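# Topology and contacts: notes
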Amino acid sequence: MPDRAAIFELDNFCLDNYHVKLNEVLFHNANGYIGVRYDLEEGYPGEYDVTPSQYINGFYDFAKLGQAEKLYGLIDEKQTILNVANTQPIRITFEDEEFSMFTGTVLESRLRLDMNRGVTVREVKWRSPQGKEIKLTVTRMASFYQLPLFTIEYEVEPLNFTGDVVIESVHQGNVLNYYNPADPRIAQERIRYLTPISCEIKKGASYITSKTSKSGLEVCTGVKNLLPQEHQQEFIIDNNDAVCRFNAVAKQRKKIRLIKYAVFCDSIRYPDCRQQAETELKKALSVPLEEYYKKQAAYLAEYWDNCLVEIDGDESVNNAIRYNLYQLFQSVGKDKYCNISPKGLSGDGYEGHYIWDSEMYIYPFFTITNPTITRKLLEYRYTTLDLARENARILGHQSGALYPWRTIMGRECSGFFPAGSAQYHINGDIAYAIIAYYLATKDLAFIQEMGAEMIWETARLWIDVGSFYDGKFYINDVTGPDEYTCIVNNNYYTNVLAQYHLNWAVKFYHILKAAGGLADLERKIQIKESEIELFQRAADCMYLPYDEKLKINPQDDSFLQKKPWDLASIPPDKFPLLLHYHPLHLYRHQICKQADTVMAHFILEDAQSPETILNSFNYYEKITTHDSSLSRCIFSIVAARLGMVDKAYDYFRHTVRLDLDNLHRNTPDGIHTANMGGSYMAVVYGFGGFRLKESGFYFAPVLPAAWTAYRFKLRLEGSRIAVQVKEHECVFRLESGPAIKIFVYGQEYLLTDTLTVSRQPTATGTVLVAGKSR
């Protein structure tokens with residue numbers, strides 16, 4: 001039986017400018033190192049607003065960032081991801097007629113993404129203005145096996161004619177980034193960041209080496225075209241474009257097959273990117289393309305075996321969750337030089353910056369399915385720790401480290417500090433990810449080598465930014481996750497996360513001390529017992545806002561003093577609010593862009609009573625716009641934990657199909673990777689009730705009415721667990737690894753083989769905390 005959920009396809013797909021840009025994203029190819037938007041090889045009409053784009057994760061240039069008033073510490077330079085040389089164009093002409101889906105007649109067309117094979121396929125049946133008919137099949141792959149490699153297999157079959165054919169495969173060195181001056185989430189200026197310094201042909205392959213304008217980095221792309229049938233070949237170099245031209249004869253019902261190999265190499269990872277490109281191309285050509293297809297499928301088979309989520313009874317969301325998990329794997333960095341950006345490698349949105357999205361929405365997926373990936377992502381944060389220390393000094397802190405809000409190479413890129421650098425919770429977010437990784441893996445070696453140093457250096461910032469007063473520890477003048485409320489005192493999310501962070505800074509000290517792993521760290525960063533005691537005192541005294549009348553945690557000290565703003569009174573065309581209202585107008589109202597306190601209740605539910613969590617959820621739900629794609633998934637998770645399963649499901653449906661249905665109307669700028677991670681969390685952490693805690697692994701599953709069952713897999717402490725939730729029972733199966741202790745509905749079990757537990761219904765308003773209904 002075919003795996004229908006592994007196929008996403010469009011039949012007779014639209015060719016208007018809007019759908020062209022949308023499909024560039026939905027069908028893009030990536031592998032965590034390179035990303036290629038799906039641009040038609042033959043190109044587009046001149047009036048179309050399309051910028052064919054290819055990216056390398058972590059490869060950047062510097063750009064000026066203007067400040068109206070040059071105050072100390074405000075940044076005047078940012079990093080931006082770059083569109084590198086275009087290896088996609090292929091033009092084919094039959095006698096005097098050039099193929100284009102925008103001329104002649106498209107008789108049939110299909111775009112297909114196969115998530116088991118790791119390829120995209122375009123199929124077109126086309127009739128030229130003069131009546132020539134062809135069948136075109138294009139298969140594209142960004143290799144998971146050889147990360148620098150991108151291939152295009154281009155097959156054309158003449159259906160009703162024989163004649164001369166000219167194929168031009170182009171390698172373009174002159175490229176620009178996409179820009180949109182009307183959207184603050186996109187670069188607003190067109191700048192030439194990359195300048196080709198060489199364009200050459202060697203042994204039938206073209207190599208274009210380019211250098212950035214300011215960062216001093218280089219990138220080399222190499223292209224080799226193979227056409228097995230008899231042909232004449234010539235190369236043309238024109239203004240840093242390399243054209244490989246084939247002249248051949250097209251015979252009726254005989255396929256013409258061109259294979260275009262492209263490799264991408266940068267000077268961040270390779271000391272000589274030009275030489276490396278030659279090496280990678282030689283490697284790619286050493287085995288048939290079919291072998292790469294087999295390796296791609298095998299790579300993905302292992303991936304799905306570790307993380308597959310399946311939902312019975314709702315094909316629409318089952319297909320969508322599969323798509324989202326595939327995109328996360330395409331997007332996530334696979335080495336210490338990069339991370340995962342809000343748009344992955346599918347677009348220029350947020351200029352390729354890494355934000356808190358990674359740690360709080362995407363790591364929770366990889367940490368419990370493919371923890372080696374999380375380790376690499378955390379290693380990236382460790383490589384930028386010195387720059388985080390530098391950032392802390394710029395912001396006036398004499399010790400410790402403060403990670404930048406937005407960055408690629410480690411320096412701050414956020415020009416609007418109230419909603420950027422003031423989000424000190426980034427330190428807590430990174431600490432939270434480190435702690436979660438440790439809880440899921442018990443990888444103490446990582447904590448000793450990298451994790452503890454990051455935990456302690458970032459914990460030092462809380463002591464410096466906060467202050468003791470009248471028996472409490474306060475953190476003032478910061479911004480929480482909600483960017484419609486900035487520069488506040490005692491943001492609940494920030495404070496409760498700082499408390500958790502500080503508590504674990506103490507725990508890791510004692511764990512390493514008991515294991516004899518402190519000496520090197522004590523010498524390196526001079527961590528002392530007295531400082532650990534100060535961490536504990538700050539955690540114990542942490543002030544967490546609470547309103548006795550409403551019995552909720554206010555988002556901050558002044559939030560409840562602000563004017564309420566009835567969401568129903570806001571015209572639909574004024575959303576998202578950040579594009580239509582001045583920030584100060586937003587800051588003066590009780591209105592939230594996204595989950596803030598509700599987010600805190602998800603990640604640190606044990607900090608408050610079930611009653612407080614329920615009251616807070618009901619309060620903030622009324623004033624949250626969900627203008628951020630990070631929001632609805634969190635409301636879904638908390639609603640599920642509160643027993644509001646139907647409401648949780650409504651939030652989940654919007655979350656899981658956000659990109660496939662372009663619900664935020666900006667998917668053409670790139671996918672929403674954090675939301676995709678959030679859709680996974682909504683299933684596993686929400687409906688599955690999974691909790692990763694110091695005391696163990698907890699489950700409290702619920703079942704949405706629209707589903708008959710769902711399944712997911714987890715990898716915890718080296719053991720792989722398969723979970724199935726059905727109408728009346730939950731089945732836990734140990735697939736590999738040692739026996740493992742789990743908690744289901746608060747009851748402890750030792751999972752040695754298969755465990756079946758009756759599923760417990762959860763009434764609305766019942767909160768399952770730490771596996772116990774309270």
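Residues numbered from 1 in each chain as written. Predicted model: local features only at pLDDT ≥ 70, side-chain atom pairs only at ≥ 80, totals over all residues. Heavy atoms only, no water.

## Describing the sheet that holds strand 31 (residues 747–751)
Strands in a sheet are paired, the pairing made by backbone hydrogen bonds, and the direction either parallel or antiparallel. Ordered in space as 25-26-30-31, the four strands form an open sheet in which the pairing is mixed. At either margin of the open sheet sits one strand with a lone partner, and together these are strand 25 (691–693) and strand 31. Each adjacent strand pair in this sheet contributes to an overall mean axis angle of 30°, direction not counted. Looking at chain direction, strand 30 (residues 740–744) and strand 31 are connected through five bridges and run antiparallel. Looking across to strand 31, one finds that Ile 742 is bridged to Tyr 749. (Pairing = 2+ DSSP bridges. Helix = DSSP H or I, 4+ residues; strand = E, 2+ residues; numbered from the N terminus. Axes fitted to C-alpha atoms, helices over the stretch in contact; angles between N-to-C directions.)

## Quick word on the sheet that holds strand 7 (residues 90–94)
The antiparallel open sheet is built from five strands, whose spatial order is 8-7-13-18-17. A single partner strand is all that each edge strand has here, and the edge strands are strand 8 (97–98) and strand 17 (232–238). Direction of pairing for strand 7 relative to strand 8: antiparallel, over a ladder of two bridges. Within strand 8, the residue paired with Phe 94 across the bridge is Glu 97.

## Quick look at the packing of aromatic side chains
The full count for this structure, using the stated rule, is 46 aromatic pairs. Ring centres of Tyr 438 and Trp 504 lie 6.2 Å apart, and the angle between their planes is 65°; this geometry places the pair in the edge-to-face category. On the criterion of sequence distance, the pair formed by Tyr 438 in helix 8 (residues 425–441) and Trp 504 in helix 10 (residues 492–515) is long-range, its members being 66 residues apart. Classification of Trp 504 as buried rests on a relative accessible area of 3%. Consider the rings of Tyr 649 and Phe 652, whose centres lie 6.4 Å apart with planes at 40°: the pair is tilted. One end of the pair is Tyr 649 and the other is Phe 652, both in helix 17 (residues 645–656) and three residues apart, which spans about a single turn. Look at Tyr 649 and you get buried, because its relative accessible area is 11%. One aromatic cluster is present, built from ring pairs that chain together Tyr 649, Phe 652, Phe 687, Trp 707, Tyr 710 and Phe 712. (Phe/Tyr/Trp six-rings, centres within 6.5 Å; stacked < 30°, edge-to-face > 60°. Buried < 20%, exposed > 50% of the residue type's maximum accessible area, 1.4 Å probe, protein only.)

## Re the pairing of strand 7
Of all five residues in strand 7, four are buried; the element is thus mostly enclosed. Sheet topology places strand 7 next to strand 13 (residues 163–172); five bridges connect them, and they run antiparallel. Bridging across to strand 13, Ile 90 finds its partner in Ser 169.

## A word on helix 17
Between its terminal C-alpha atoms helix 17 stretches 16 Å, which fits the 16 Å expected from twelve residues at 1.5 Å a residue. Residues Val 645, Ala 648, Tyr 649, Tyr 651, Phe 652, Thr 655 and Val 656 constitute the buried set of helix 17. Down the axis of helix 17, the buried side of the element spans an arc of 165°, and every buried residue falls inside it. Away from its buried face by more than 90 degrees, helix 17 exposes Asp 646 and Asp 650. (Expected span 1.5 Å × (residues − 1). Arc of directions from axis to C-beta.)

## Regarding the confidence of the model for the protein
Mean pLDDT for the protein: 96, with 97% of residues reaching 70 or above. Contacts for the low-pLDDT stretch residues 768–774, under 50 throughout, to residues beyond four places or in other chains number 27 contacts. (pLDDT = per-residue confidence, 0-100. Contact = heavy atoms within 4.5 Å.)

## Considerations on the environment of Ile 671
Tracing the chain through its elements places Ile 671 in the loop between helix 17 and helix 18 (673–687). Considered as a pair, Ile 671 and Tyr 303 are 368 residues apart in the sequence and their alpha carbons are 20 Å apart. Each residue touching Ile 671, except ones within four places of it in the same chain, is listed here: Val 25, His 28, Gln 327, Ser 331, Pro 342, Lys 343, Ser 346, Asp 659 and Met 676.

## Some thoughts on unusual backbone geometry
In this structure, the amide linkage connecting Phe 575 to the following residue, Pro 576, adopts the cis form with an omega of -5°. Among the secondary structure elements, Pro 576 is positioned in the loop between strand 23 (563–564) and helix 13 (583–587). With a phi close to 50°, Lys 203 is a non-glycine residue in the positive phi region. Positionally, Lys 203 belongs in the loop between strand 14 (194–202) and strand 15 (205–212). The exposure class of Lys 203 is exposed, given its relative accessible area of 73%. Residues other than glycine seldom take positive phi values, yet Asn 240 does so here, at roughly 65°.

## As for the nonpolar core
Within the largest apolar cluster, 236 residues are counted, with the highest numbers of intra-cluster contacts made by Tyr 361, Trp 456 and Ile 634. Those residues within four positions of Trp 456 in sequence are excluded, and the remaining contacts are Ala 505, Phe 508, Tyr 509, Leu 512, Leu 518, Leu 521, Ile 525, Ile 527, Ile 532 and Phe 535. (Core = buried A, V, L, I, M, F, W, Y, C linked by side-chain atoms within 4.5 Å.)

## Re helix 1 (residues 17–26)
Most of helix 1 sits out of view: seven of its ten residues are buried. Listing the buried residues of helix 1 in full gives Val 20, Lys 21, Leu 22, Asn 23, Glu 24, Val 25 and Leu 26. Considering only its buried residues, helix 1 is in contact with strand 1 (7–11), strand 9 (105–114) and helix 4 (315–331). Regarding helix 1, its N-cap is Asp 16, as a side-chain oxygen of that residue lies 3.2 Å from the backbone nitrogen of Tyr 18 further along. (Polar contact = N/O pair within 3.5 Å; in protein donor to acceptor, adjacent residues only side chain to side chain.)

## Brief notes about the state of the cysteines
Put plainly, a disulfide is one covalent bond tying together the sulfur atoms of two cysteines. According to the stated counting rule, one finds zero disulfides in the structure shown. Free of any disulfide, Cys 307 has its nearest neighbouring cysteine sulfur in Cys 633, separated by 18 Å. Relative accessible area serves as the criterion here: at 0%, Cys 307 is assigned to the buried category. (Disulfide = S-S within 2.5 Å.)

## Details of the pairing of strand 11 (residues 133–142)
For a regular strand, side-chain orientation follows a simple rule: the groups alternate between the two sheet faces. Across the ten residues that make up strand 11, a large majority, nine, are buried. Sheet topology note: the strand 10 (residues 119–127)/strand 11 ladder contains eight bridges and is antiparallel. What sits directly across from Glu 123, in strand 11, is Thr 137. Hairpin connection of strand 10 to strand 11: five residues between the antiparallel strands, including Gly 131 at a positive phi of 100°. In this sheet, strand 12 (residues 149–158) lies alongside strand 11 in antiparallel orientation, the contact comprising nine bridges. Bridge pairing links Met 141 to Thr 151 in strand 12.

## Things to note about the pattern of salt bridges
In the structure shown here, the tally under the stated rule is 60 salt bridges. For Lys 507, the salt bridge goes to Glu 694, with nearest N and O atoms at 2.7 Å. Of the two residues, Lys 507 sits in helix 10 while Glu 694 sits in the loop between strand 25 and strand 26 (696–699), which places them 187 residues apart along the sequence. Relative accessible area serves as the criterion here: at 29%, Lys 507 is assigned to the partly exposed category. Through salt bridges with shared partners, a single network forms among Asp 386, Arg 389, Glu 453, Glu 457, Arg 460, Lys 524 and Glu 531. (Salt bridge = Lys/Arg side-chain N within 4 Å of Asp/Glu carboxyl O.)

## Overview of the packing of helix 5 (residues 357–367) against helix 18
It is the contact of helix 5 with helix 18, at a shortest axis distance of 8 Å, that shows an interaxial angle of 45°. As the angle between them shows, helix 5 and helix 18 are arranged oblique. Where helix 5 crosses over helix 18, the two elements pack in a sense that is left-handed. On helix 18, the residues touching Asp 357, Met 360, Tyr 361, Ile 362, Pro 364 and Phe 365 of helix 5 are Thr 673, Ala 674, Gly 677, Gly 678, Tyr 680, Met 681 and Tyr 685. Split into classes, the residues belonging to the contact of helix 5 with helix 18 amount to nine nonpolar, three polar and one charged. (Parallel < 35°, antiparallel > 145°, perpendicular 65-115°, else oblique. Left-handed = near helix turned anticlockwise from the far one by under 90°. Nonpolar A, V, L, I, M, F, W, Y, C, P; charged D, E, K, R; others polar.)

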